[in-house]
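Listed here are the chains, written in short residue letters.
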Amino acid sequence: MGDVQAKRVRPGSIDAEVAGRAVRRIKDYLMQYPEQPTVQVVGEHGDDDPLILPREAVSLLAFILAQAAEGRGVTVIPSDAELTTQQAADMLNVSRPYVIKLLETGEIPFRLIGKHRRIKCEDLQEYKRRDDAKRRAAADELAALGQELGI
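Every residue gets a number counted from 1 within its own chain, in the order that chain's sequence is written. Predicted model: local features are reported for residues with pLDDT of at least 70 only, side-chain atom pairs are reported and counted for 80 or more only, and whole-chain, interface and lining totals are derived from all residues. Excluding hydrogens and water, the side-chain figures rest on all heavy atoms present in the structure.

**What about unusual backbone geometry?**
A negative phi angle characterises most non-glycine residues, just as the trans form characterises most peptide bonds. Applied cut-off: Numbering of helices and strands runs from the N terminus, with a helix taken as a DSSP run of H or I at least four residues long and a strand as a DSSP run of E at least two residues long.
The backbone of N93 sits at a positive phi, close to 60°, despite the residue not being glycine. Position of N93 relative to the elements: it lies in the loop between α3 (85-92) and α4 (96-104).

In C-alpha coordinates, the structure reads:
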(Lines give C-alpha, C1' and ligand atoms only; values in the text may rest on other atoms or scores of the structure.)
Protein backbone atom coordinates (compact mmCIF):
# COMPACT_ATOMS: atom_id res chain seq x y z
CA MET A 1 0.00 0.00 0.00
CA GLY A 2 2.96 2.39 0.31
CA ASP A 3 3.24 5.29 2.67
CA VAL A 4 0.41 6.10 5.01
CA GLN A 5 -1.46 9.15 3.81
CA ALA A 6 -2.25 11.03 6.98
CA LYS A 7 -3.20 14.63 7.47
CA ARG A 8 -1.95 16.21 10.68
CA VAL A 9 -2.98 19.52 12.21
CA ARG A 10 -0.56 20.55 14.93
CA PRO A 11 -1.83 21.94 18.24
CA GLY A 12 -2.41 25.67 17.98
CA SER A 13 -2.03 25.87 14.20
CA ILE A 14 -5.73 26.70 13.79
CA ASP A 15 -7.13 29.86 15.39
CA ALA A 16 -9.10 28.50 18.37
CA GLU A 17 -11.65 31.35 18.32
CA VAL A 18 -12.43 30.91 14.63
CA ALA A 19 -12.62 27.12 15.07
CA GLY A 20 -14.99 27.54 18.02
CA ARG A 21 -17.35 29.79 16.06
CA ALA A 22 -17.31 27.43 13.08
CA VAL A 23 -18.02 24.32 15.13
CA ARG A 24 -20.96 26.03 16.85
CA ARG A 25 -22.46 26.99 13.48
CA ILE A 26 -21.95 23.49 12.08
CA LYS A 27 -23.52 21.84 15.15
CA ASP A 28 -26.47 24.24 15.03
CA TYR A 29 -27.02 23.39 11.37
CA LEU A 30 -26.77 19.64 11.96
CA MET A 31 -29.25 19.85 14.86
CA GLN A 32 -31.64 22.03 12.84
CA TYR A 33 -31.63 19.57 9.92
CA PRO A 34 -31.16 16.13 11.52
CA GLU A 35 -32.58 14.16 8.57
CA GLN A 36 -30.53 15.79 5.81
CA PRO A 37 -27.94 13.35 4.35
CA THR A 38 -26.00 16.26 2.83
CA VAL A 39 -25.07 19.80 3.82
CA GLN A 40 -25.14 22.69 1.35
CA VAL A 41 -22.50 25.35 1.83
CA VAL A 42 -23.29 28.61 0.11
CA GLY A 43 -20.69 31.31 -0.51
CA GLU A 44 -21.01 34.75 1.04
CA HIS A 45 -22.30 36.25 -2.19
CA GLY A 46 -24.69 33.40 -3.00
CA ASP A 47 -23.86 33.61 -6.73
CA ASP A 48 -22.05 30.28 -6.98
CA ASP A 49 -23.61 26.84 -6.90
CA PRO A 50 -23.64 25.56 -3.31
CA LEU A 51 -20.98 23.11 -2.25
CA ILE A 52 -22.70 19.81 -1.38
CA LEU A 53 -20.98 17.83 1.40
CA PRO A 54 -21.86 14.45 2.92
CA ARG A 55 -23.23 14.80 6.46
CA GLU A 56 -20.58 12.41 7.86
CA ALA A 57 -17.78 14.51 6.39
CA VAL A 58 -19.27 17.63 7.99
CA SER A 59 -19.52 15.80 11.33
CA LEU A 60 -15.85 14.84 11.05
CA LEU A 61 -14.97 18.46 10.26
CA ALA A 62 -16.95 19.57 13.34
CA PHE A 63 -14.94 17.12 15.48
CA ILE A 64 -11.65 18.45 14.08
CA LEU A 65 -12.74 22.04 14.69
CA ALA A 66 -13.85 21.22 18.24
CA GLN A 67 -10.42 19.77 18.98
CA ALA A 68 -8.74 22.82 17.42
CA ALA A 69 -10.92 25.13 19.52
CA GLU A 70 -9.50 23.36 22.59
CA GLY A 71 -5.95 23.85 21.29
CA ARG A 72 -5.45 20.17 20.46
CA GLY A 73 -3.87 18.71 17.35
CA VAL A 74 -5.60 16.13 15.18
CA THR A 75 -4.38 13.44 12.81
CA VAL A 76 -6.70 11.84 10.25
CA ILE A 77 -5.64 8.44 8.93
CA PRO A 78 -7.69 6.28 6.54
CA SER A 79 -9.03 3.20 8.35
CA ASP A 80 -7.53 0.84 5.76
CA ALA A 81 -4.07 2.42 6.01
CA GLU A 82 -1.16 0.16 6.81
CA LEU A 83 1.35 1.33 9.36
CA THR A 84 5.00 0.55 9.92
CA THR A 85 6.03 -0.79 13.32
CA GLN A 86 7.44 2.63 14.20
CA GLN A 87 4.21 4.41 13.26
CA ALA A 88 2.24 1.87 15.34
CA ALA A 89 4.62 2.38 18.27
CA ASP A 90 4.17 6.14 18.02
CA MET A 91 0.38 5.78 18.02
CA LEU A 92 0.46 3.50 21.07
CA ASN A 93 3.16 5.59 22.76
CA VAL A 94 5.37 2.52 23.27
CA SER A 95 8.70 1.35 21.88
CA ARG A 96 9.07 -0.28 18.48
CA PRO A 97 10.49 -3.51 20.02
CA TYR A 98 7.38 -3.72 22.23
CA VAL A 99 5.14 -3.47 19.15
CA ILE A 100 7.17 -6.20 17.44
CA LYS A 101 6.64 -8.41 20.51
CA LEU A 102 2.88 -7.76 20.29
CA LEU A 103 2.93 -8.74 16.62
CA GLU A 104 4.99 -11.88 17.13
CA THR A 105 2.78 -13.08 20.02
CA GLY A 106 -0.35 -12.60 17.90
CA GLU A 107 -1.81 -9.73 19.93
CA ILE A 108 -2.01 -7.60 16.77
CA PRO A 109 -2.39 -9.07 13.26
CA PHE A 110 0.14 -8.02 10.64
CA ARG A 111 1.49 -8.97 7.24
CA LEU A 112 4.99 -9.13 5.87
CA ILE A 113 6.12 -7.21 2.81
CA GLY A 114 9.53 -8.72 2.26
CA LYS A 115 11.11 -8.38 5.71
CA HIS A 116 8.92 -5.45 6.74
CA ARG A 117 5.86 -5.80 8.96
CA ARG A 118 2.72 -3.83 8.14
CA ILE A 119 -0.19 -3.34 10.52
CA LYS A 120 -3.67 -2.28 9.47
CA CYS A 121 -4.73 0.85 11.29
CA GLU A 122 -8.07 -0.84 12.09
CA ASP A 123 -6.26 -3.77 13.75
CA LEU A 124 -4.12 -1.39 15.80
CA GLN A 125 -7.21 0.52 16.94
CA GLU A 126 -8.93 -2.75 17.88
CA TYR A 127 -5.90 -3.78 19.96
CA LYS A 128 -5.94 -0.38 21.66
CA ARG A 129 -9.65 -0.76 22.51
CA ARG A 130 -9.05 -4.24 23.98
CA ASP A 131 -6.01 -3.04 25.94
CA ASP A 132 -7.89 0.01 27.28
CA ALA A 133 -10.77 -2.25 28.38
CA LYS A 134 -8.31 -4.57 30.20
CA ARG A 135 -6.73 -1.60 31.93
CA ARG A 136 -10.12 -0.24 33.01
CA ALA A 137 -11.14 -3.65 34.34
CA ALA A 138 -7.89 -3.95 36.31
CA ALA A 139 -8.33 -0.45 37.74
CA ASP A 140 -11.93 -1.24 38.73
CA GLU A 141 -10.76 -4.45 40.39
CA LEU A 142 -8.10 -2.57 42.35
CA ALA A 143 -10.60 0.09 43.40
CA ALA A 144 -13.05 -2.57 44.60
CA LEU A 145 -10.27 -4.35 46.50
CA GLY A 146 -9.23 -1.05 48.06
CA GLN A 147 -12.79 -0.43 49.22
CA GLU A 148 -13.01 -3.91 50.71
CA LEU A 149 -9.79 -3.32 52.62
CA GLY A 150 -10.84 0.21 53.61
CA ILE A 151 -7.93 1.86 51.84
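**Examining the pattern of salt bridges**
Applicable threshold: A carboxyl oxygen of Asp or Glu within 4 Å of a side-chain nitrogen of Lys or Arg is what we treat as a salt bridge. To sort residues, take the accessible area from a 1.4 Å probe on protein chains only and compare it with the maximum for the residue type: under 20% means buried, over 50% means exposed, and anything in between is partly exposed.
The tally for this structure, following the rule as stated, stands at six salt bridges. Where R21 meets E17, a salt bridge forms, and the shortest distance between an N and an O atom there is 3.1 Å. Separated by four residues within a single helix, R21 and E17 lie in helix α1 (residues 16-32), roughly one turn from each other. Since its relative accessible area comes to 57%, E17 is described here as exposed. Between R129 and E126 there is a salt bridge; the shortest N-O distance is 3.3 Å. Within this pair, R129 and its partner E126 are both found in helix α5 (residues 121-149), separated by three residues, close to a single helical turn.

**Considering the sheet that holds strand β5 (residues 82-83)**
The condition is simple: Strand pairing is assigned whenever DSSP identifies at least 2 bridges connecting the two strands.
Spatial ordering of the open sheet is given by β5-β7-β6, a layout of three strands whose pairing is antiparallel. Two strands close off the open sheet at either side, each with one partner strand: β5 and β6 (111-113). Sheet topology places β5 next to strand β7 (residues 116-120); two bridges connect them, and they run antiparallel. What sits directly across from E82, in β7, is K120.

**As for α1**
Worth spelling out the cut-off: What a helix is expected to span follows from its residue count: subtract one and scale by 1.5 Å. Relevant arc is that of directions from the helix axis to the C-beta atoms, nothing else. Two residues form a contact once any of their heavy atoms are found within 4.5 Å. A 3.5 Å cut-off defines polar contacts: any pair of N or O atoms within that distance qualifies, except that in protein one atom must be a possible hydrogen donor and the other a possible acceptor, and neighbouring residues in sequence count only when both atoms are side-chain atoms.
Relative to the 24 Å expected for 17 residues at 1.5 Å per residue, α1 spans 24 Å between its end C-alpha atoms, a close match to the ideal helical length. Residues of α1 that are buried include every one of A19, G20, V23, I26 and L30, and no others. Taken down its axis, α1 places every buried residue within 135° of arc, on the same side. Seen from the open side of α1, the exposed residues pointing more than 90 degrees away from its buried face are E17, R24, R25, D28 and Q32. On its buried side, α1 packs onto β2 (38-41) and α2 (55-69). Measuring from the side-chain oxygen of the N-cap residue of α1 to the backbone nitrogen of E17 gives 2.9 Å; that N-cap residue is D15.

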